[in-house]
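Architecture and fold: a report
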Amino acid sequence: MVHGREIAYNSKVEGNIILANLDASINWMRTHSMWPMPMGLACCAIELMASGGARFDIARFGAEVMRFSPRQSDVLIVAGTVTYKMALATKRIYEQMPDPKWVIAMGACASSGGMYRSYAVLQGIDRILPVDVYISGCPPRPEALLEGLMRLQQKIMTEKSTTRQLVPEPALV
Amino acid sequence: MANTTTTFEQPDALLRTQQALDAAPDVPGERLTLNMGPSHPSTHGVLRIVLELDGEVVTKAIPDIGYLHRGDEKIAENMTYNQFVPYTDRLDYLAPLANNVAYACAVEKLMGWDLPPRGQAIRVLCCELARISAHLLGFGAMAMDCGAMSVFLYTFTEREKLYNLFESLTGARFTTSYTRIGGMTRDLPPGWLDEVAAFIKQYKPQIEETDKLLTRNKIFIERSRDVGVITRADAISYGITGPNLRGSGVDYDVRKVRPYLGYENYDFDIPVGSVGDCYDRYLVRLEELRQSVRIIEQVLAKFPEGPIHVADTKNYLPKKQKVLTKMEELIHQFILVTEGLKAPPGEVYFGAENPKGELGFYIRSRGGGVPYRLKIRAPSFVNLSILDKLLPGCMMADVVAILGSIDFVMGECDR
Amino acid sequence: MATTTEAIQSLQSAFAGKVGAAREFRGEHTLPVDREIIADVALHLRDKLGFDYLADICSVDNMGDEPRYEVVYEFAQMSAPHHLRIIAKVSEDEGSLPTISHVYATANWHEREIWDMMGIKFDNHPDLRRILMWEGYPYFPLQRDFPLEGKPSDTPGEAFTRIAPLEGGPFVTAPAEHNHDREPRARPPEPV
């Protein structure tokens with residue numbers, strides 16, 4: 001390469017450069033590589049597994065990298081009934097996840113206690129964790145889980161990625 | 001020059017470790033306490049085991065359950081018999097139809113009812129399809145724990161086909177709530193039996209494919225053979241039921257010993273194992289798939305016509321058409337829905353052969369529409385109680401293979 | 001291998017005076033026995049009569065009656081359809097009965113569950129800890145006077161419980177006038 005020849009405008013280089021808003025590009029990357037932490041607690045875990053199977057193929061949304069270690073994941077999918085005995089363990093797993101992190105409450109039990117109005121069941125994980133997306137159903141179909149993931153992607157796109165406000169965790173009620 | 005072969009001795013790793021441990025009992029090593037679960041991929045839910053390790057050998061195991069205890073038995077005391085059906089879906093959520101059937105049969109025993117032949121045939125069909133779907137996930141997950149991911153994808157593809165069948169029958173993929181006390185929510189949809197027959201036809205070669213993938217797989221055999229041996233005496237004393245018991249060589253099957261739903265009319269075999277290790281338990285499950293297919297074919301061959309529910313008009317919901325036109329039926333429906341059926345005072349225990357083992361319901365009634373006490377004898381709960389005896393002496397890596405081969409569901413274990 | 005009626009006769013002669021009258025319902029036989037002899041009865045059933053399979057142990061709380069609790073054992077055979085139910089009554093003051101976990105290993109967890117859920121103790125049990133709830137949970141949930149919605153409790157570092165919103169029953173919700181307040185999450189739990 002001869003010195004000084006390509007200092008100025010280089011169409012070759014510029015063709016590969018896209019100017020974009022930093023927020024938008026970071027969010028775009030985040031939305032398409034969400035690594036879920038599958039917190040399979042009960043029946044919903046079966047539908048969670050089904051959405052990982054060949055028919056529903058969660059990989060189409062960039063969320064097939066199921067990490068069973070909270071330290072490697074971005075999205076906590078709470079699939080199933082959270083009992084009081086399990087509640088603090090769930091909270092601990094959430095706390096171990098690195099920021100930025102999101103929570104999906106999959107199914108009626110995780111969202112509100114569902115049909116288990118009893119002495120042993122936490123009436124919705126939003127009593128201990130900040131929840132981003134609730135998915136209805138008992139259990140939700142895999143399509144509903146995928147819809148929930150897409151809603152979460154939309155939500156992430158609206159976030160201020162560089163100055164993400166940490167969601168204050170709800171105090172134990 | 002003559003060809004010579006040399007045999008290398010490769011003694012069993014566990015034996016070798018044990019010998020090393022015995023040779024040096026005073027090694028100043030530390031016992032390591034390792035917490036496994038309640039959130040761990042191979043505990044299939046929320047089982048927690050506190051393991052004490054010496055090197056790689058487990059010296060002590062304390063299972064800790066209850067992380068999915070949802071209070072089902074207390075809930076049952078607070079609702080009518082029919083209202084509890086959806087909760088039985090969520091006991092063993094891999095085979096909800098079988099749970100529905102077992103619960104309905106238990107309450108029908110309390111009522112002293114017998115289903116007409118068509119109702120029984122539908123229930124047998126449901127039970128066996130549920131058994132197939134549960135075993136498919138059972139050893140799919142076991143193979144995944146042993147390192148063979150592909151089997152899981154194959155079995156889940158078959159399960160999706162079964163889910164389609166369940167969905168057209170009940171409206172839900174697996175929380176079916178199909179039975180009512182004394183019958184079913186609805187009769188079979190048109191053409192459903194043909195769909196089942198078509199499924200069975202294409203499924204039979206699939207069993208052989210799973211067989212080829214796993215049964216002679218060197219790695220799978222190494223991981224599972226002679227691992228986690230449950231002796232015959234232990235299995236009986238611990239009350240283990242289902243494929244885990246039959247893997248240990250006891251031919252106990254509720255369908256044969258205390259037949260229900262006309263199982264005595266069908267021709268099927270009970271596979272039993274010879275050693276009681278993980279490999280035997282897998283083989284028993286595989287053979288049970290073939291036997292379930294056999295039963296389904298017999299049911300389909302002579303599917304009876306007629307009513308699907310009991311004739312007791314006082315205690316079974318009348319036809320909707322009649323409710324809307326006749327006063328008497330309207331009153332019956334109103335009383336049945338608000339007060340529940342009129343159960344006699346008494347107590348019954350009914351056990352059914354579910355995919356995981358004997359699912360029993362003990363019902364104590366003081367009369368009226370609400371059970372005074374309903375106890376669920378969960379096979380997974382009983383099968384897991386042997387863990388603290390089974391795990392010590394195993395290698396750390398065997399724990400996941402053993403858990404996979406015991407094939408438990410925590411929803412049922414903790415209730 | 002004894003049939004159920006033979007087993008009842010054998011138990012009545014072996015433990016005369018401590019075994020009540022058998023009753024039958026829907027083809028199942030139930031035999032009440034005194035709580036002190038339950039371990040001997042189990043041993044007798046297993047070794048002499050061939051009831052090698054303990055299917056289940058259940059507990060019933062007859063609140064208001066005396067004795068208050070019943071422990072229900074389901075004995076069966078692995079090779080024959082015979083089944084015998086043994087019932088032992090336990091009063092609230094005694095609150096315990098002998099363990100049979102040395103006879104049937106499966107009784108170990110069943111007895112722990114009964115202690116956990118109903119608060120009945122088993123003498124000489126090798127490991128009588130809570131099994132479904134956690135150590136430190138102060139109540140016995142299956143007792144009749146324990147409400148379905150639970151009571152608040154706190155075990156620091158382990159777990160906590162709060163009252164579930166019931167509105168009169170598991171499926172019952174309040175009338176639809178105040179839709180906003182009806183949402184269970186919107187309501188603070190009621191004070192104890």
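Each remark here, short or long, concerns the structure printed above.
In this text, all values refer to a predicted model and were calculated from it rather than measured experimentally.

Calculation notes
- Residues numbered from 1 in each chain as written.
- Chains lettered and ligands numbered in written order.
- Predicted model: local features only at pLDDT ≥ 70, side-chain atom pairs only at ≥ 80, totals over all residues.
- Heavy atoms only, no water.
- Contact = heavy atoms within 4.5 Å.
- Buried area = accessible area lost by both parts, 1.4 Å probe.
- Salt bridge = Lys/Arg side-chain N within 4 Å of Asp/Glu carboxyl O.
- Polar contact = N/O pair within 3.5 Å; in protein donor to acceptor, adjacent residues only side chain to side chain.
- Helix = DSSP H or I, 4+ residues; strand = E, 2+ residues; numbered from the N terminus.
- Nonpolar A, V, L, I, M, F, W, Y, C, P; charged D, E, K, R; others polar.
- Core = buried A, V, L, I, M, F, W, Y, C linked by side-chain atoms within 4.5 Å.
- Buried < 20%, exposed > 50% of the residue type's maximum accessible area, 1.4 Å probe, protein only.
- Pairing = 2+ DSSP bridges.
- Axes fitted to C-alpha atoms, helices over the stretch in contact; angles between N-to-C directions.
- Phe/Tyr/Trp six-rings, centres within 6.5 Å; stacked < 30°, edge-to-face > 60°.
- Lys NZ or Arg CZ within 6 Å of the ring centre and 35° of its normal.
- Parallel < 35°, antiparallel > 145°, perpendicular 65-115°, else oblique.
- Left-handed = near helix turned anticlockwise from the far one by under 90°.

**Brief notes about the interface of chain B and chain C**
By a frequent convention, interface size equals the accessible area lost on bringing the separate parts together. On the chain C side, the residues contacting the 50 residues of chain B number 51 residues. Taking both partners together, chain B and chain C bury about 4100 Å²; carbon and sulfur atoms supply 57% of that area. Applying the counting criterion to the chain B and chain C interface returns seven salt bridges. Between E347 of chain B and R23 of chain C there is a salt bridge, with its nearest N and O atoms 2.8 Å apart. For the interface between chain B and chain C, the tally reads 24 residue pairs in polar contact (both at pLDDT 80 or more). Sort the elements by how many residues they give to the side of chain B that touches chain C and strand β6 (residues 343–354) of chain B lands first, with six residues. Partitioning the side of chain B that touches chain C into residue classes produces 25 nonpolar, ten polar and 15 charged.

**Details of the nonpolar core**
Counting residues in hydrophobic clusters, the biggest one holds 224 residues, and the most contacted among them are L76 of chain A together with L45, Y73, F75, I86 and I100 of chain C. Among the elements that take part in this core, helix α5 (residues 117–145) of chain B stands out by supplying 15 residues, more than any other. Apart from the residues lying within four places of it in its own chain, the contact partners of I86 of chain C are L11, L31, V33, I38, V41, L45, V71, V72, Y73 and F75 of chain C. Core analysis: the next-biggest nonpolar cluster, separate from the first, contains 20 residues, M34, A79, I104 and L152 of chain A among them.

**Concerning the pattern of salt bridges**
Residues and elements named next belong to chain B. Applying the stated criterion across every chain, the model contains 54 salt bridges over all chains. For R123, the salt bridge goes to E108, with nearest N and O atoms at 2.9 Å. Residue R123 is located in helix α5, and its partner E108 is located in helix α4 (residues 96–111); the two are separated by 15 residues in the primary sequence. Residue E158 pairs with K161 through a salt bridge whose shortest N-O separation is 3.1 Å. Highlighted residues: E158 and K161, both in helix α6 (residues 149–170), separated by three residues, approximately one helical turn. One network of salt bridges, in which partners are shared, links E128, R131, R246, D253, R255, E288 and E353.

**Focus: the pairing of strand β2 (residues 28–33) of chain C**
All names here are of chain C. Most of β2 is tucked away: five of the six residues are buried. Two elements, strand β1 (residues 23–25) and β2, share three bridges in a ladder whose sense is antiparallel. Paired with R23 across the strands is T30, a residue of β2. Once β1 ends, the chain turns through two residues before running back antiparallel as β2, passing R26 with a positive phi of about 55°. In terms of strand pairing, β2 meets strand β5 (residues 83–90) through five bridges, oriented parallel. Note on β5: the bridge partner recorded for V33 is A88.

**Focus on the interface of chain C and chain A**
Facing the 26 residues of chain C at the interface are 18 residues of chain A. In total, about 1900 Å² of surface goes out of reach between chain C and chain A, with carbon and sulfur atoms giving 61% of it. Remark: the boundary between chain C and chain A carries zero salt bridges. Run the count over chain C and chain A and you get three residue pairs in polar contact (both at pLDDT 80 or more). The biggest single contributor to the side of chain C that touches chain A is strand β9 (residues 159–161) of chain C, with three residues. Split by residue class, the side of chain C that touches chain A holds 18 nonpolar, three polar and five charged.

**Comments concerning the sheet that holds strand β2 (residues 48–54) of chain B**
All names here are of chain B. The three strands lie next to each other as β1-β2-β3, forming an open sheet whose pairing is antiparallel. The outermost strands of the open sheet, each flanked by one partner alone, are β1 (32–36) and β3 (57–64). Sheet twist, expressed as the average angle between the axes of neighbouring strands with direction ignored, equals 20°. Across five bridges, the pairing between β1 and β2 is antiparallel. When the sheet's bridge partners are listed, L32 is paired in β2 with L53.

**Topic: the packing of aromatic side chains**
A complete count under the given rule lists 25 aromatic pairs over all chains for this structure. For the pair Y116 of chain A and Y87 of chain B, a centre-to-centre distance of 5.3 Å together with 85° between the ring planes defines the contact as edge-to-face. On the criterion of chain membership, the pair formed by Y116 of chain A in the loop between α5 (107–112) and β4 (133–135) and Y87 of chain B in helix α3 (residues 85–89) is interchain, its members lying in two chains. With a relative accessible area of 0%, Y116 of chain A lands in the buried category. Ring pairs connect the aromatic residues Y116 of chain A together with F84, Y87, Y103 and F361 of chain B, which therefore count as one cluster. For R255 of chain B, the ring lying beneath its charged end belongs to Y263 of chain B, and the centroid distance is 5.7 Å.

**Regarding the packing of helix α1 (residues 4–14) of chain C against helix α2 (residues 38–47) of chain C**
Residues and elements named next belong to chain C. Put simply, α1 and α2 touch, their axes get as near as 11 Å, and they point 135° apart. Relative to α2, the element α1 lies oblique. Note that α1 runs across α2; the crossing there is right-handed. Counted together, A7, S10, L11 and A14 of α1 and V41, H44 and L45 of α2 form the full contact between these two elements. Grouping the constituent residues of the contact of α1 with α2 by class yields five nonpolar, two polar and no charged.

So, to be careful, I would describe these as geometric facts and stop short of saying anything about function.
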